[in-house]
Amino acid sequence: MTMSNSPQNNSASSLFASSPPSGLLSGPSDTDYRRQRLQRIGSYSAPTAQNQADDETTALRAVPSTSYGTLPVVRPRRTCTQPDLWVARRQVTLPILPLTRSVTVSVPNSPSAFSPTFTRDTLRSRISQQRPISAYDAQLVNLNADAADTDIDVRTNGFRVWYSSFSSIDWLHDAIKDSVRFARLRRGKSIRSRVRLVFDKSLGWIIVTIVGFLTAVVAFLVVRAEQWLFDVKQGYCKTAWWHAQHFCCPLPDEYGSLDDHCSAWRTWSDVFASWTGSESGGGESAVQYFAYTIIAVLLAGTSSLLTIYLTASTSFITRKESGVLSPHFNKSGEQTASTSSRPKRSVIYYAAGSGIPEIKTILSGFVIHGYLGGRVLFTKALGLALSVGSGLSLGKEGPFVHIASCIGNIVSRYHSKYENNEAKRREILSAACAAGVAVAFGAPIGGTLFSLEEVSYFFPPKVMWRSFFCAMIAAVTLRFLNPFGTGKVVLFQVTYDKDWHAYELIFFILLGVLGGVYGAYFSKLNYRWSRDVRGGTWLKAHPVAEVVLVTLVTTVLCFLNPYARMGGTELVYNLFSECRTGSKNSHFNLCVLDPSSFDHVWPVVRAILVAMIVKGFLTIITFGIKLPAGIFIPTLGVGACAGRIVGIAVQWLQYHYPDSTVFAVCEGDMDCVVPGLYAMVGAAAALSGVTRTTVSLAVIMFELTDTLTYAVPVMLSVLVAKTVADALEPKGIYDLVIELSQLPYLDAKHEYLWSNLSIKEVTDRDVDVIRVDRHNTVESLRDQLQSLLNAEHDDGGFPILRPGRDEDGMRLVGYIGASELEHALTVVAEGATEEVRFHTTYTHEDMTTSFSSWVEEPNEDDPFDFSVYMDQAPLMIQSNSPLELLHQFFVKLGARYVVVTDTDGDYEGVIDKKTWLAFLSELEEKS
């Protein structure tokens, strides 16, 4: 429930005017309402609520940076063993507060006073009348009295609230939760229970089937819309204006031969000539160019405006966010000059780009609320059709992965099994990624491998089977929908009649080297353009102007060159195509009439070379602008151009030296060399150099050509390209985007050199703690929470300690996350001076009691006991353990935090996931 923004009466009774969260396990309340309740702790004055929807917050703070700001700021705090390596530490700014056990508050409008006993009784009454539980861990509340065994695990691991944006998920907790849920399902012996169990086992397959089908439908709509929008820049169909050019002018021969004039297609120069009564202006007339440019700018500008105004990160404020995390928060509830002057987080546009770097981050265990929602799905699909239709040097294949992930996220959230378990939902997202690649290339096997190799973080065999099934459903559905009207799933799906020869391996290796060099330097140049030009000039504040300028440059450079002006998919298809003897289809003059004549060869090579240079340059400045844009098709186009040139050169050599020993295997066949095959190999090499994919890319190419005949050429070029690219630039384009955007991505494939470093170098010993031997009140814990936020640790929490038996060290009782503590404090916000308790000591009778009874019997339990949120058995590691072991805790176990102890078991500090990421980032820079 949201509290009013207008001032209230300054009385204690106003605190009870609106219903508080209805229990320790209640669902998330409105963020403004929770913020006001926490601000009121210790003061009964009612502050005026401020609308802070424009300030995006992370899980525990507003980030004063110009990037995502999800990694802690690494700065010197104290000297370590290695003086040149620094790790972020937390500043403890806990104010010293007078702690009193009981107070009496006078209420001006009432003759009575509210005592702590009254507050406690009121809270208990509300908990006993709580609404149906809808919290993140609602499934763990056991409604059966005979479920004691699983409740022990629940109580030990503690309950969690919803994850906030840019916070890491707890893989271990979600695995425990799903295990408990499934164990309870299997316990039932009735027919109804067995049916529910069968449905639960089948639910994942049902969801991936729906996801695959819907992904194909959306892909079909995007492709059809993109085709019409791309062709409308040239003209329109007189018989049916909604038809693209190749639907308006169907051809009996294979698709691509649009050289002949079609009477049903009317260009804009013809329209202008009919209006003015002059002669037809022709394809390259000024009228045609201006119409082409104006429509392209309108399409690209509309796509950018949709992206900016519909998917800005500041517009995605959900109840799942933490509520007190605005920089304007302080104890008095008033805005101060120091807080109002803090810089805001830079705005992120969720529908911009390909989405693959962000999806990699999400699948690795981080949360970005709204990124996979319905609004982003609509904007991404519509904006993608507009941006590709504008003729910019970008593709739609990468964004299909984002679109499929949105569909997977939306569909999976209709059932609590996936809605209330972030780890389980990522299994569906991995399958959806495979479906996205399947509809992009018509390659379900390649899509499954792409999800495994490039995107997914957790990929057990069960997820692989579902991913393959989802990709198959998507590919089959798209085949029946027939988006291109050719019976093919993708436009550039081709087959070759000729086999390759051993001497060609030399040229395939050459193409691999060229692809690796191009991929490495493309990644470097795009990274520097994005950082220094797009992010360091006036373009940063004017993203729409950048889109318009890039579109104008694209139209100027591409209009006069037929291959550069051609759509990316159509260009790749024609470059891949084989020139068949006797065919009327010249593939836009790419088939050289006389390969032995330099006069015939050079004009074709020159046009392809110009198109390759133009496409390469435009892709560098286009990838990263604020509209939906993929990198696959432009990269394939550049590589295919290079491969086609090499193929034509080899063909020319064969015609000039037919009796050479090299060409002896051709046995006089002058069609022995297939330039289209070289184009395919060059395209694969270029894409491998840019994205660093290998196995999945090779399989995609096999599925495109519908044969394994060319497995060796493709595999060889891909491996050579990746090797060369890694030598020149260790990171691919997606990893560089992650680095540029400061996304909190933990790369499980990367290997680090620890040298002489130890766990002590990264252990955070300055973290604020909660001691059970001290008097912890609601207000003091609120102040400790605010201290944590001020220290800019947005994914942390509090170790809960007790003195050791020898009184020399501190022993760990448990760990409570900041979001859980905030939620608990919001429930009991009225009892500012009440003591909050944490305990782990249970009798055997307590441990065998149903945990739901603990929740539902407030008369026997204290609502100020926060043990329900405490992780009583967190992962711990000794300070003398190797760093590789700690790294495996985060990578293999998915730990959110690890507590460090000394060899005697005494507490030393804590390392959360983001602190570890900051340490790895600093370590990589030093190396």
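Structural notes, computed from the coordinates. Small disclaimer: the values here were computed from a predicted structure and weren't measured.

**Brief notes about the packing of aromatic side chains**
The full count for this structure, using the stated rule, is 24 aromatic pairs. By way of ring pairs, the aromatic residues Tyr 752, Trp 754, Phe 890, Trp 916 and Phe 919 are connected into one cluster. Here the guanidinium or amino end of Lys 233 rests over the ring plane of Phe 230, the centre of that ring lying 3.6 Å away. Between the NZ or CZ atom of Arg 375 and the centre of the ring of Phe 316, over which it lies, the distance is 4.0 Å.

**Regarding the pairing of strand β9 (residues 897-901)**
Counting buried positions along β9 gives 5 out of 5 residues, so the element sits mostly inside the fold. Burial of the side chains of β9 extends over both faces: Tyr 897, Val 899 and Thr 901 are buried on one face and Val 898 and Val 900 on the other. Bridging between strand β8 (residues 876-878) and β9 involves 3 bridges; their strand directions are parallel. Within β9, the residue paired with Met 876 across the bridge is Val 899.

**Some words on the packing of helix α5 (residues 191-231) against helix α12 (residues 397-412)**
Put simply, α5 and α12 touch, their axes get as near as 9 Å, and they point 140° apart. One finds that α5 runs oblique with respect to α12. For α5 against α12, the interelement crossing comes out right-handed. Here Ile 207, Ile 210, Val 211, Leu 214, Thr 215, Val 218, Ala 219, Val 222 and Val 223 of α5 lie close against α12, whose contacting residues are Phe 400, Ile 403, Ala 404, Ile 407, Gly 408, Val 411 and Ser 412. Across the contact of α5 with α12, the residue classes break down as 13 nonpolar, 3 polar and no charged.

**As for the nonpolar core**
A general tendency of soluble globular proteins is for nonpolar side chains to be buried together. Of all hydrophobic cores here, the largest spans 141 residues; its most connected members are Phe 400, Phe 441, Tyr 563 and Phe 576. In contact with Phe 400, not counting residues within four places along its chain, are Ala 219, Val 222, Val 223, Leu 384, Gly 436, Val 439 and Ala 440. The next biggest cluster of nonpolar side chains, apart from the first, holds 31 residues, and it includes Val 161, Val 813, Val 828 and Val 868.

**What to know about the pairing of strand β7 (residues 810-817)**
Where burial is concerned, most of β7 is hidden: 6 out of the 8 residues are buried. Here 7 bridges tie strand β6 (residues 797-803) to β7, and the two strands are oriented antiparallel to one another. The partner of Gly 797 across the bridge, within β7, is Gly 817.

**A look at helix α23 (residues 675-691)**
Compared with an ideal rise of 1.5 Å per residue, which puts 17 residues at 24 Å, α23 spans 24 Å between its outermost C-alpha atoms and is within 8% of the ideal. Looking one or two places after α23, you find Arg 692, whose phi comes out positive at around 65°.

**What about the packing of helix α17 (residues 504-534) against helix α26 (residues 733-741)?**
Running from N to C, α17 and α26 cross one another at 20°; their axes reach a closest spacing of 10 Å. In terms of axis orientation, α17 runs roughly parallel to α26. Crossing hand, α17 versus α26: right-handed. For the pair α17 and α26, the contacting residues are Phe 522, Ser 523, Lys 524, Asn 526, Tyr 527, Ser 530 and Arg 531 in the first and Ile 733, Leu 736, Glu 739 and Leu 740 in the second. Residue classes in the contact of α17 with α26 are distributed as 5 nonpolar, 3 polar and 3 charged.

**A word on the sheet that holds strand β5 (residues 770-771)**
Strand order in this open sheet of 3 strands is β5-β6-β7, and the pairing throughout is mixed. Each having just a single partner strand, β5 and β7 make up the two edges of the open sheet. Contacts from helix α27 (residues 778-790) reach β5 and β6 within the one sheet, and its direction differs from that of β6 by about 130°. Sheet contacts for helix α28 (residues 818-827): β6 and β7; angle to β7, the most-contacted strand, approximately 75°.

**Concerning the sheet that holds β8**
Strand pairing in a sheet relies on backbone hydrogen bonds. The paired strands run either parallel or antiparallel. Taking strand neighbours across the sheet as the criterion, the 3 strands line up as β8-β9-β10 in an open arrangement whose pairing is mixed. Two strands in the sheet have a free side with no partner beyond their single neighbour: β8 and β10 (907-912). Along the sheet, successive strands turn relative to each other by an average axial angle of 30°, direction set aside. As defined by bridge partners, β9 adjoins β10 across 5 bridges and the pair is classed as antiparallel. Paired with Tyr 897 across the bridge in β10 is Asp 912.

How each quantity is defined
Residues numbered from 1 in each chain as written. Predicted model: local features only at pLDDT ≥ 70, side-chain atom pairs only at ≥ 80, totals over all residues. Heavy atoms only, no water. Phe/Tyr/Trp six-rings, centres within 6.5 Å; stacked < 30°, edge-to-face > 60°. Lys NZ or Arg CZ within 6 Å of the ring centre and 35° of its normal. Buried < 20%, exposed > 50% of the residue type's maximum accessible area, 1.4 Å probe, protein only. Helix = DSSP H or I, 4+ residues; strand = E, 2+ residues; numbered from the N terminus. Pairing = 2+ DSSP bridges. Axes fitted to C-alpha atoms, helices over the stretch in contact; angles between N-to-C directions. Parallel < 35°, antiparallel > 145°, perpendicular 65-115°, else oblique. Left-handed = near helix turned anticlockwise from the far one by under 90°. Contact = heavy atoms within 4.5 Å. Nonpolar A, V, L, I, M, F, W, Y, C, P; charged D, E, K, R; others polar. Core = buried A, V, L, I, M, F, W, Y, C linked by side-chain atoms within 4.5 Å. Expected span 1.5 Å × (residues − 1).

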